[in-house]
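Overview (structure and organization)
Here is what each chain is made of, one letter per residue.
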Amino acid sequence: MNNYLLEHIASAICDLHETSRIRKLVNGALSQGVPVTKIIEEGIRRGLDCVGRRYENGEYFLSELLYSTSVVNDAFETLKPKLRSEDVKKKDTIVLGTVRGDLHDIGKNIFKMLAETSGFTVYDLGVDVEPEAFTRKFKETGAQVLGLSALLTTTMSEMKNTVDMLAQEGVRNKVKVILGGNAVTKAYAEEIGADAAALDAVEGLKICEEWV
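Below or above, wherever it landed, is the structure these notes cover. From a predicted model like this one, the values you see are computed outputs, not experimental measurements. Just so you know, the residues in each chain are numbered from 1, in the order the chain's sequence is written. Note on the predicted model: pLDDT of at least 70 is required for a residue's local features to be given, and 80 or more for side-chain atom pairs to be given and counted; whole-chain, interface and lining totals, by contrast, use all residues. Heavy atoms from the whole structure form the basis of all side-chain values; hydrogens and water molecules are not counted.

Time to look at the state of the cysteines. Disulfides are defined in this document as cysteine sulfur pairs within 2.5 Å. Applying the stated criterion across every chain, the model contains one disulfide. The disulfide partner of Cys14 is Cys50, and the S-S distance across this bridge is 1.8 Å. Highlighted residues: Cys14 in helix α1 (residues 2-14) and Cys50 in helix α3 (residues 36-56), separated in sequence by 36 residues. With a relative accessible area of 14%, Cys50 lands in the buried category. Numbering of helices and strands runs from the N terminus, with a helix taken as a DSSP run of H or I at least four residues long and a strand as a DSSP run of E at least two residues long. A 1.4 Å probe rolled over the protein chains alone gives each residue an accessible area, and that area as a share of the maximum for its type sets the label: buried under 20%, exposed over 50%, partly exposed in between.

What follows concerns the sheet that holds strand β3 (residues 145-149). In spatial order, the strands read β2-β1-β3-β4-β5; together these five strands make up an open sheet with parallel pairing. Looking at strand neighbours, the two that pair on one side only are β2 (121-124) and β5 (196-198), the edges of this open sheet. When strand polarity is set aside, the average angle formed by the axes of neighbouring strands in this sheet is 25°. Relative to β5, strand β4 (residues 176-180) is paired through three bridges, and the arrangement is parallel. Residue pairing across strands places Ile178 opposite Ala196, the latter belonging to β5. Across the sheet, helix α7 (residues 156-168) is in contact with β3 and β4; its angle to β3 comes to roughly 155°. Sheet contacts for helix α9 (residues 201-211): β1 (93-98), β3, β4 and β5; angle to β5, the most-contacted strand, approximately 145°. At least two DSSP bridges between two strands are needed for those strands to be called paired. Here, axes are lines fitted to C-alpha atoms. For helices the fit covers the stretch in contact, and angles between N-to-C directions go from 0 to 180 degrees. Whether two residues are in contact is decided by their heavy atoms: any pair within 4.5 Å suffices.

The next thing to look at is empty space enclosed by the protein. Of the two site types, the cavity is a set of points on a 1 Å grid over the protein atoms alone where a 1.4 Å probe fits but cannot get out, and the pocket is an open set with protein on both sides within 12 Å along at least five of seven lines, each lined by residues with an atom within 4 Å of a point. Grid points are joined across faces, edges and corners, and a volume is the space filled by probe spheres set on the points. One pass over the structure, following the stated rule, counts one cavity of 30 Å³ or more. By volume, the largest cavity is sized at about 30 Å³. Lining the largest cavity are Leu48, Thr69, Val72, Asn73, Phe76, Ile106 and Asn109. Put simply, the parts of the chain that give the lining of the largest cavity at least two residues each are α4 (62-85) and α5 (106-117). It is α4 that contributes the most residues to the lining of the largest cavity, four residues altogether. As a working rule, the residues Ala, Val, Leu, Ile, Met, Phe, Trp, Tyr, Cys and Pro are called nonpolar, Asp, Glu, Lys and Arg charged, and the rest polar, with Gly in that last group. Partitioning the lining of the largest cavity into residue classes produces four nonpolar, three polar and no charged.

Another aspect to go through is the pattern of salt bridges. When a carboxyl oxygen of Asp or Glu lies within 4 Å of a side-chain nitrogen of Lys or Arg, that pair is called a salt bridge. Overall, the coordinates contain 11 salt bridges when judged by the stated rule. The shortest N-O distance in the salt bridge between Lys91 and Glu209 comes to 2.9 Å. Placement of the pair is Lys91 in the loop between α4 and β1 and Glu209 in helix α9, with a sequence separation of 118 residues. For Lys91, a relative accessible area of 30% translates into the label partly exposed. Classification of Glu209 by relative accessible area gives partly exposed; the value is 33%. Between Lys186 and Glu203 there is a salt bridge whose closest N-O contact spans 2.8 Å. One end of the pair, Lys186, is in helix α8 (residues 186-192); the other, Glu203, is in helix α9, with 17 residues separating them in the sequence. Linked through salt bridges whose partners overlap, the residues forming this network are Lys108, Lys112 and Asp124.

Limitation: the analysis is restricted to geometry and does not speak to function.
Printed below as a string of C-alpha cells:
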C-alpha cells in the first residue's frame, strides 16, 4: 500500500495535478504511517525528477517548471507540522542558496527539506545569491556547511567566485562547501576548491551527515 501511495504522489507531481489532489495524497501517506523522509525521497523527489526530464526533453516549458515548484512547496507545507512533531537530534547549521544569475530552486528546496528533517538548521538565502551574501551569512551564523546550487552551466563560475571570496576573507578553512545541481560535477568541485559535489539531494544530505 505504501509503495502504491508513493507512486501516486510521484505521478501526480509529474503530470502536474492540482495542489489539492497532491495534498490529499500526501496526507493519505502520512495517515498510513509512511515516514516523512520516504514521502520526500520516493514520492516528491521522483515526481520532480520526472518533471525535470520532461522539461529537458521539451515536453514541459518554464511555466510548467514553475507550477511544479508551487505544487511541491504546498506539499512541503503539508509535511511541516509532522516534521515539527518528530523528535530529531539537532545537528550542524547549513547556509544554502542558488548562486548569482540562476533562478532555479527545486533541487535546493528538496535538499533543504531533507536536511531540516534530519535535524540540520538551514538558512536558505533563496536564488540569485551574490558571493558577498553567502560570505556574510556564513559569518553571521557560524555555519559548518555552505551549500551552493546551480542548474545552468553559465552560472557555475559564480560557485568559484563564492569559494574565492571565502578564501579572500580568510574563512575558507572554517566551512565545508558542497555544490549541487544538474550543472555540477565532482571534478568541478575539486577544480574550484569546494569540498564535495552532490548529484542529488539525497546524496547531498548523506555527505553533510558524514561531515557531522
